[in-house]
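Report on the structure
Residues per chain are reported as follows:
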Amino acid sequence: MGSVDSDAFQHIRLGDCVSWRTMATNTILQLLLLLTWDCITSATVKNPLYGIFFTSFVVLAELVSAVSLTFADGLFETLRSANPPTIAWLKSLPTELEKKWAVYLLVLEKAGSRPRVYIGSSTCKDRGVRARFKQYEDELWLPTNIEISLHDGFTITSRGLLAWTPIPSPAFQPVIRLFFLALEATLAHALCCLREGVKGDFKLTPEEREQKAAELKRHIAERMKVVSKNHVQRQREKNLAAYLDYHNTMPKKYYREDRARFLSTKKRSVKKVMETQKHYCDPCRMSCKTPRALAEHKGPKHRRQVGDIDILKGLRPDKARNILEKKFYCKPCDKPFPSKTLLRNHEKTKIHLQRLPGGIHATT
């Protein structure tokens, strides 16, 4: 990674790298592929993983062809130009963030000072560049050059993407992360990033990486449930009235602002609830959409149909199922039984005989 001001950028462009401006390349991909390979092979100090996974130009080219890279408009012309890019062009870079790995560019400005430019890469496993930009907003885990600039009074005024690709599958993430660091170094014209450690389970097989990623995803989901529950509890304890008012008014606000998006989000949420059986009636084997729907389902009619739930918990599964399915059912008394024997015994009782047509009483 590197921090480049306009003078340094111009020095690199016009001094060390004059030759590649006249390369016979027709596309931005060809140009950056050649530059990245030159960056990897000419580095005097670099991570040894590059020598293991990028053994030849052909290997690098095959990887790049499978990555589906997209580049910012005007990047090809900017790289081949003899002049440094303008601040206006840097601020016009795209900002589409949804599930992408990217080499990004930050513009930092301060009144009375020349702008500074920072180039970095983001290869977060699940959220991609969105997670990295959120860290800049929260000022968490900032690069050293950014921390120094912010301390000096600079402000991040623009964030944009130079090159990006959809987040790859866990099996290929380590190698593609290596490539993105090299691409970052190439675009920043600084080799220091090659000295940094590279995250990735290089000793694991692709199948083991997929399994580890799935386990991590489950762990994060479980952890987020706990965090969310604790947050809700704190908000309710802090001000219950304000909490209830917020959750009653916000859905209406979202519905008014964007009805289509609100309904689409609600549909996805309901589908997920039904698939995960979040609000599930075990005796009836039925999933409900909301807690309120489940409570309404478990009304008087439900209790009459399934009987005493506490009694069911003490029965063997087959006998509990007999009650739920009313396999042995006394219609006059509207009561199911777990076995045929118990039904026959019930039919001999005084209460049952009194409910028969004609009110026949039992005789001793």
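Residues numbered from 1 in each chain as written. Predicted model: local features only at pLDDT ≥ 70, side-chain atom pairs only at ≥ 80, totals over all residues. Heavy atoms only, no water.

Naming follows an unreviewed UniProt entry, where the protein appears as C2H2-type domain-containing protein of Cadophora malorum.

1. Some words on the overall build of the protein
Helix and strand content of the protein: 18 helices and nine strands. Residue burial in the protein is summarised as follows: out of 364 residues, 34% are buried. A sequence separation of at least 24 residues applies to 59% of the contacts in the protein between residues at least 6 apart. Just so you have it, the protein exposes about 23,000 Å², and 54% of that area is on carbon and sulfur atoms. (Helix = DSSP H or I, 4+ residues; strand = E, 2+ residues; numbered from the N terminus. Buried < 20%, exposed > 50% of the residue type's maximum accessible area, 1.4 Å probe, protein only. Contact = heavy atoms within 4.5 Å. Areas by Shrake-Rupley, 256 points an atom, 1.4 Å probe, with all protein chains shown as cover.)

2. Considerations on the packing of helix H2 (residues 28-42) against helix H4 (residues 57-67)
Orientation of H2 relative to H4, taken along the N-to-C sense of each, is 135°, at an axis distance of 11 Å. The orientation of H2 relative to H4 falls into the category oblique. Classified by chirality, the crossing of H4 by H2 is right-handed. Residue-level inspection shows Leu29, Leu33, Leu34, Thr36 and Trp37 of H2 in contact with H4, the latter providing Phe57, Leu60, Ala61 and Val64. (Axes fitted to C-alpha atoms, helices over the stretch in contact; angles between N-to-C directions. Parallel < 35°, antiparallel > 145°, perpendicular 65-115°, else oblique. Left-handed = near helix turned anticlockwise from the far one by under 90°.)

3. A closer look at H4
Turning to H4, its buried residues number three or more, namely Leu60, Leu63, Val64 and Val67. The arc that holds every buried residue of H4, seen down its axis, measures 100°, which confines them to one face. Along H4, the residues that are exposed and aim more than 90 degrees away from the buried face are Val58, Glu62, Ser65 and Ala66. Residues of H4 that are buried in the fold lie against H2, strand E5 (155-166) and helix H9 (173-188). Just beyond H4, the residue with positive phi is Ser68, at close to 60°. (Arc of directions from axis to C-beta.)

4. What about the UniProt feature "domain: C2H2-type" (unreviewed entry) in the protein?
The feature "domain: C2H2-type" (unreviewed entry), as given by UniProt, occupies residues 328-357 in the numbering adopted here. Secondary structure content for residues 328-357 is 43% helix and 20% strand, and the end C-alpha separation is 20 Å. (UniProt positions renumbered as here; feature names shortened; annotations may be inferred.)

5. Notes on the pairing of strand E3 (residues 100-109)
Counting buried residues along E3, nine of its 10 residues qualify, which places the element largely inside the surrounding structure. Here E3 runs beside E5; their pairing, made up of 10 bridges, is antiparallel. Residue Val107 lies in a different strand from E5, and its bridge partner there is Ser158. When E3 meets strand E4 (residues 116-122), the two strands line up antiparallel, connected through seven bridges. Bridged to Leu108 within E4 is Arg116. Linkage of E3 to E4, two consecutive antiparallel strands, is achieved through a turn of six residues, within which Gly112 is found at a positive phi near 85°. (Pairing = 2+ DSSP bridges.)

6. A short note on a positive patch on the surface
On the surface, a cluster of positive charge is contributed by Lys99, Lys217, Lys225, Lys272 and Lys278. Within the secondary structure, Lys217 sits in helix H10 (residues 206-238). (Patch = residues over 30% accessible without salt bridge, like charges linked within 9 Å, V, L, I, M, F, W, Y side chains within 5 Å. Salt bridge = Lys/Arg side-chain N within 4 Å of Asp/Glu carboxyl O. Lys, Arg positive; Asp, Glu negative; His and termini not counted. Charge placed at Lys NZ, Arg CZ, Asp CG, Glu CD.)

7. Some details on the environment of Glu208
With respect to the helices, strands and loops of the structure, Glu208 is situated in helix H10. Along the primary structure Glu208 and Ala171 are separated by 37 residues, whereas in three dimensions their C-alpha atoms are 8.0 Å apart. Here Thr205 takes part through its backbone nitrogen, which lies 2.9 Å from a polar atom of the side chain of Glu208. (Polar contact = N/O pair within 3.5 Å; in protein donor to acceptor, adjacent residues only side chain to side chain.)

8. Quick word on the pattern of salt bridges
Counted by the stated rule, this structure contains seven salt bridges. Of the charged contacts in the structure, one is a salt bridge between Arg116 and Asp152, with a shortest N-O distance of 3.8 Å. Pair noted here: Arg116 is in strand E4 and Asp152 is in the loop between helix H8 (144-151) and E5, with a separation of 36 residues, a long-range link. Exposure remark for Asp152: the relative accessible area of 31% places this residue in the partly exposed category. Linking Arg344 and Glu347 is a salt bridge whose minimum nitrogen-to-oxygen distance equals 3.2 Å.

9. Notes on a nonpolar patch on the surface
Taken together, the side chains of Leu216, Ile220, Met224 and Val227 make up a nonpolar region of the molecular surface, amounting to roughly 310 Å² of accessible area. In this structure, Val227 sits in helix H10.

10. Thoughts on the state of the cysteines
A complete count under the given rule lists zero disulfides for this structure. Cysteine Cys288 shares no disulfide, and the gap to the nearest cysteine sulfur, in Cys281, comes to 7.0 Å. By relative accessible area, which is 4% here, Cys288 ends up buried. (Disulfide = S-S within 2.5 Å.)

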